[in-house]
Amino acid sequence: MAEPVQTPHAFPTRIFSGIQPSGGLTLGNYLGALKRFVEKQDEGIETVYCLVDMHAITVWQDPVKLRQQTREAAAGFIAAGIDPARSILFNQSQVTAHVELAWIFNCVARMGWMSRMTQFKDKAGKNSENVSLGLFAYPALMAADILAYKATHVPVGEDQKQHLELCRDIAAKFNNDFGVNFFPITEPVIEGAATRVMSLRDGTKKMSKSDPSDQSRINLTDDADMIAKKIKKAKTDAEPLPSELEGLNDRPEARNLVNIYAALAGMSAEDVVREHAGAQFGSFKPALADLAVSVMGPITTEMNRLMQDTAEIDRILGEGAARADAIARPIVDEVYDIVGMIRSRKT
């Protein structure tokens, strides 16, 4: 078969991204994802945002908690500024196109590709024989999440870049296998001062909702007092802030707090160190705490208000799922035709 040519403007711009509702949202989720999602929405680009509850069950989840966490994550999206009327917001399990396309991609992807996924190795550790098959095959479902909408761009953190590369490989192989130019080769969107927010207790580790220490993260549900306390107790060093960013090399905790300040204030990290050059953390931390409370406080308040009416959250997710399905269903139907599946035709 002739190799299809990927034309630059063959696909309309569409952004897709998803977050697992397997625990509470953190400051890292806000700065690394939600804040950017809102900015993209305001650029007038078509945006599709998904709570990937089917990814969450690659490890066992308590069903009651999973439903609660999915609703809480939806409340976090809305409180952060995602407008369900302008963006599509839904939970993954309500749109069956995701799992249908994932099976096709399981048959396109190669075992060697999956075996090289470092995140699987990190999560499975020495127990790789006993983890779920879903955890191993999860990147094919992630590719299906993206390509069910022919998404052209995906905002990703550094830890997800390898999975997006696999998505690109799957799209290219599908196109080549069937001699079509059907799927776009999706581009990553990585930008900004706090693309990867680190732990408040260890600046070499990503801020994570799974960290045993609640002091390592700021949760979107933390009140103003808790946010201030966590920042003031954050691990730092004894040196003052430098006047140039290079002075933060080999100072991961200091660099993390500067990055967080920059992202919250809409500044560059370079401008932050210039503005606070020579400051000790005894004065910088309170300034950061005040800034964090001013930005995060209204989000927490709105999340709490939204969670008082979970039926309304369910309605929003249901309407979003219907809009998502209207895009994804025809794409997956066409995939079935390309692959050679016989299907009944509705008249």
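Please read these numbers as outputs of a predicted model, since none were measured by experiment.

1. Considerations on the state of the cysteines
Okay, so step 1: Within the structure shown, the criterion is met by zero disulfides.
Okay, so step 2: With no disulfide of its own, C50 has C167 as its nearest cysteine by sulfur position, at a separation of 14 Å.
Okay, so step 3: The closest cysteine sulfur to the non-disulfide-bonded C107 is located on C167, 16 Å from its own sulfur.

2. Notes on helix α12 (residues 281-306)
Okay, so step 1: For α12, built from 26 residues, the straight-helix expectation of 38 Å at 1.5 Å per residue is met to within 8% by its first-to-last C-alpha distance of 36 Å.
Okay, so step 2: The axis of α12 is deflected most strongly, by about 35°, at M296, and proline P298 appears within four residues downstream.
Okay, so step 3: Considered for burial, the residues of α12 that qualify are F281, F284, K285, L288, A289, L291, A292, M296, I299, T300, M303 and L306.
Okay, so step 4: Structurally, α12 contributes buried residues whose contacts are with α1 (27-42), α3 (63-80), α9 (224-232), α10 (252-265), α11 (269-275) and α13 (310-339).

3. What about the packing of α3 against α12?
Okay, so step 1: The interhelical angle for the contact between α3 and α12, taken along N-to-C directions, is 130°, at an axis separation of 8 Å. Classed by the angle they form, the pair α3 and α12 counts as oblique. Where α3 crosses over α12, the two elements pack in a sense that is right-handed. Of the residues in α12, those touching α3 at E72, A75, G76, I78, A79 and A80 are I299, E302, M303 and L306.
Okay, so step 2: Residue composition of the contact of α3 with α12, grouped by class: seven nonpolar, one polar and two charged.

4. Some points on the environment of Y30
Okay, so step 1: Among the structural elements, Y30 can be located in helix α1.
Okay, so step 2: Beyond its immediate sequence surroundings of up to four residues, Y30 is in contact with K35, A80, L220, V295, M296 and I299.

5. What to know about α1
Okay, so step 1: In this model, α1 (16 residues) spans 21 Å end to end at C-alpha, consistent with the 22 Å of a helix rising 1.5 Å per residue.
Okay, so step 2: Of all the bends in α1, the largest measures some 30° and sits at A33.
Okay, so step 3: With respect to burial, α1 is a largely interior element, 12 of its 16 residues being buried.
Okay, so step 4: Turning to α1, its buried residues are L27, G28, N29, Y30, L31, A33, L34, R36, F37, V38, K40 and Q41.
Okay, so step 5: Among the residues of α1, the N-terminal cap falls to T26, whose side-chain oxygen and the backbone nitrogen of G28 are separated by 3.1 Å.
Okay, so step 6: Positive phi shows up at G44, right after α1, with a value of about 80°.

6. Quick word on the pattern of salt bridges
Okay, so step 1: Scanning the entire structure with this criterion turns up 21 salt bridges.
Okay, so step 2: Note that D333 is salt-bridged to R343, the shortest N-O span being 3.7 Å. With D333 in helix α13 and R343 in the segment after α13, this residue pair connects regions lying 10 residues apart in the sequence.
Okay, so step 3: Classification of R343 by relative accessible area gives partly exposed; the value is 23%.
Okay, so step 4: A salt bridge links D337 to R343; the shortest N-O distance between them is 2.9 Å.
Okay, so step 5: Residue class for D337 comes out partly exposed when judged on its relative accessible area of 35%.
Okay, so step 6: Here the residues in one salt-bridge network are E100, R329, D333, D337 and R343, joined through shared partners.

7. Section: the side chain of Q61
Okay, so step 1: Within the secondary structure, Q61 is located in the loop between α2 (53-56) and α3.
Okay, so step 2: Side-chain polar atoms of Q61 contact the backbone oxygen of A56, separated by 3.0 Å.

8. Focus: a positive patch on the surface
Okay, so step 1: A cluster of basic side chains, namely R201, K229, K233 and K235, defines a positive patch on the protein surface.
Okay, so step 2: Along the polypeptide, K233 turns up in the loop between α9 and α10.

9. Some remarks on the confidence of the model for the protein
Okay, so step 1: For the protein, mean pLDDT is 89; residues scoring 70 or higher make up 92% of the total.
Okay, so step 2: No element of the protein has a lower mean pLDDT than helix α6 (residues 118-124), at 66, and none a higher one than strand β3 (residues 88-91), at 98.
Okay, so step 3: With pLDDT under 50 throughout, residues 1-9 is counted as low confidence; its partners more than four residues away or in other chains account for 18 contacts.

10. Topic: unusual backbone geometry
Okay, so step 1: Residues other than glycine seldom take positive phi values, yet K150 does so here, at roughly 50°.
Okay, so step 2: Residue placement: K150 occurs in the loop between α7 (133-147) and β4 (153-155).
Okay, so step 3: Phi angles above zero are rare outside glycine, and D250 is one such case at about 65°.

Rules of the game
Residues numbered from 1 in each chain as written. Predicted model: local features only at pLDDT ≥ 70, side-chain atom pairs only at ≥ 80, totals over all residues. Heavy atoms only, no water. Disulfide = S-S within 2.5 Å. Helix = DSSP H or I, 4+ residues; strand = E, 2+ residues; numbered from the N terminus. Expected span 1.5 Å × (residues − 1). Bend = angle between axes of the 7 residues up to and from the residue. Buried < 20%, exposed > 50% of the residue type's maximum accessible area, 1.4 Å probe, protein only. Contact = heavy atoms within 4.5 Å. Axes fitted to C-alpha atoms, helices over the stretch in contact; angles between N-to-C directions. Parallel < 35°, antiparallel > 145°, perpendicular 65-115°, else oblique. Left-handed = near helix turned anticlockwise from the far one by under 90°. Nonpolar A, V, L, I, M, F, W, Y, C, P; charged D, E, K, R; others polar. Polar contact = N/O pair within 3.5 Å; in protein donor to acceptor, adjacent residues only side chain to side chain. Salt bridge = Lys/Arg side-chain N within 4 Å of Asp/Glu carboxyl O. Patch = residues over 30% accessible without salt bridge, like charges linked within 9 Å, V, L, I, M, F, W, Y side chains within 5 Å. Areas by Shrake-Rupley, 256 points an atom, 1.4 Å probe, with all protein chains shown as cover. Lys, Arg positive; Asp, Glu negative; His and termini not counted. Charge placed at Lys NZ, Arg CZ, Asp CG, Glu CD. pLDDT = per-residue confidence, 0-100.

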